[in-house]
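Commentary on secondary and tertiary structure
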Amino acid sequence: MAATIMNHIFLKISFCLFLFSCETSNKKNVRKNYGEFPDPKSSVLIYFSDSNQVELTKCEAVKKSDSLFLKVTDSSSNYQLNILKVKENLSVQFEQLFSITDSSYKKPIFTAIEPSIKLDKASYDKGDNLKGFMKVKISVLHRWTETYSDTISIAGHVYAAAQ
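Here goes a summary of the coordinates provided. Please read these numbers as outputs of a predicted model, since none were measured by experiment. (Residues numbered from 1 in each chain as written. Predicted model: local features only at pLDDT ≥ 70, side-chain atom pairs only at ≥ 80, totals over all residues. Heavy atoms only, no water.)

1. Concerning the packing of aromatic side chains
Overall, the coordinates contain five aromatic pairs when judged by the stated rule. Look at F94 and F110: their rings are 4.8 Å apart centre to centre, the planes differ by 85°, and that puts the pair in the edge-to-face class. Residue F94 is found in strand β6 (residues 89-96), and its partner F110 is found in strand β7 (residues 109-119); the two are separated by 16 residues along the sequence. Here F94 and F110 have matching classes, each one buried. With 5.0 Å between their ring centres and 80° between their planes, Y105 and W144 make a pair best called edge-to-face. Taken together, the residues Y105 in the loop between β6 and β7 and W144 in the loop between β8 (129-142) and β9 (148-161) connect sequence positions 39 residues apart. For Y105, a relative accessible area of 14% translates into the label buried. Its relative accessible area of 27% is what places W144 among the partly exposed residues. Following the ring pairs from residue to residue traces out a cluster consisting of F48, Y79, F94, F98 and F110. (Phe/Tyr/Trp six-rings, centres within 6.5 Å; stacked < 30°, edge-to-face > 60°. Helix = DSSP H or I, 4+ residues; strand = E, 2+ residues; numbered from the N terminus. Buried < 20%, exposed > 50% of the residue type's maximum accessible area, 1.4 Å probe, protein only.)

Structure representation (structure tokens):
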């Protein structure tokens, strides 16, 4: 009788250990299969002075010799941010691509102030995946209907495959 009770207890403990080992292995597989985001997208926000925001989500990167050119646009192609990095020099140009139909309309003039970009690598080859964070202040000279100036901020993550 004592042997039967011992066998019964041993069987219960073995069963519990088996269940515990299966549960642990499943958790390990879930963590292992989770991985990274399959297709990261750019998310660069333009913060206008009137508290409006626009998100730029399309990024293209072109690598030529020692220069890297990034073109970041929004889905409706209203705004475009051009970033040219040659060695340690950085040039940023912001454009408003739409125009108002009024013939007296003059587009604002944008001037980059304090541009910065941090990339995950110092240099890229064609086909490399580029990841980075950029930030720039833009001085804006509005020329329609009245002339005045203000500042907008642009910041966010850029992802692209270097062409």
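Next comes the rest of the account.
2. Notes on the pattern of salt bridges
In this structure the tally under the stated criterion is three salt bridges. Residues K87 and D66 are paired through a salt bridge, measuring 3.8 Å at the closest nitrogen-oxygen approach. Here the residue K87 occupies a position in the loop between β5 (79-86) and β6, and D66 occupies one in the loop between β3 (58-64) and β4 (67-73), the gap between them amounting to 21 residues. Since its relative accessible area comes to 57%, K87 is described here as exposed. The shortest N-O distance in the salt bridge between D128 and K121 comes to 3.0 Å. (Salt bridge = Lys/Arg side-chain N within 4 Å of Asp/Glu carboxyl O.)

3. Some words on the nonpolar core
L81, F94, M134 and I154 are the most contacted members of the largest nonpolar core, which has 26 residues in total. If you tally residues by element for this core, the top one is β8, at five residues. Beyond its immediate stretch of four places on either side in the chain, L81 contacts L56, L70, K71, V72, V92, Q93, F94, M134 and I154. (Core = buried A, V, L, I, M, F, W, Y, C linked by side-chain atoms within 4.5 Å. Contact = heavy atoms within 4.5 Å.)

4. Details of the pairing of strand β2 (residues 53-56)
Consecutive side chains along a regular strand alternate between the two faces of the sheet. Alternating residues of β2 divide into V54 and L56, all buried, and Q53 and E55, none buried. Strand direction decides the pairing type here: strand β1 (residues 43-47) and β2, joined by four bridges, are antiparallel. Paired with V44 across the strands is L56, a residue of β2. If you look at the hairpin formed by β1 and β2, you'll find five residues sitting between the two strands, and S51 has a positive phi there, around 70°. (Pairing = 2+ DSSP bridges.)

5. Overview of the sheet that holds β9
Read from one edge to the other, the open sheet built from five strands follows the order β2-β1-β9-β8-β7, with strand pairing classed as antiparallel. Bordering the open sheet on either side are β2 and β7, each of which pairs with just one other strand. The sheet shows a mean angle of 15° between the axes of neighbouring strands, taken without regard to direction. Here 14 bridges tie β8 to β9, and the two strands are oriented antiparallel to one another. If you follow K137 over to β9, its bridge partner there is S153. (Axes fitted to C-alpha atoms, helices over the stretch in contact; angles between N-to-C directions.)

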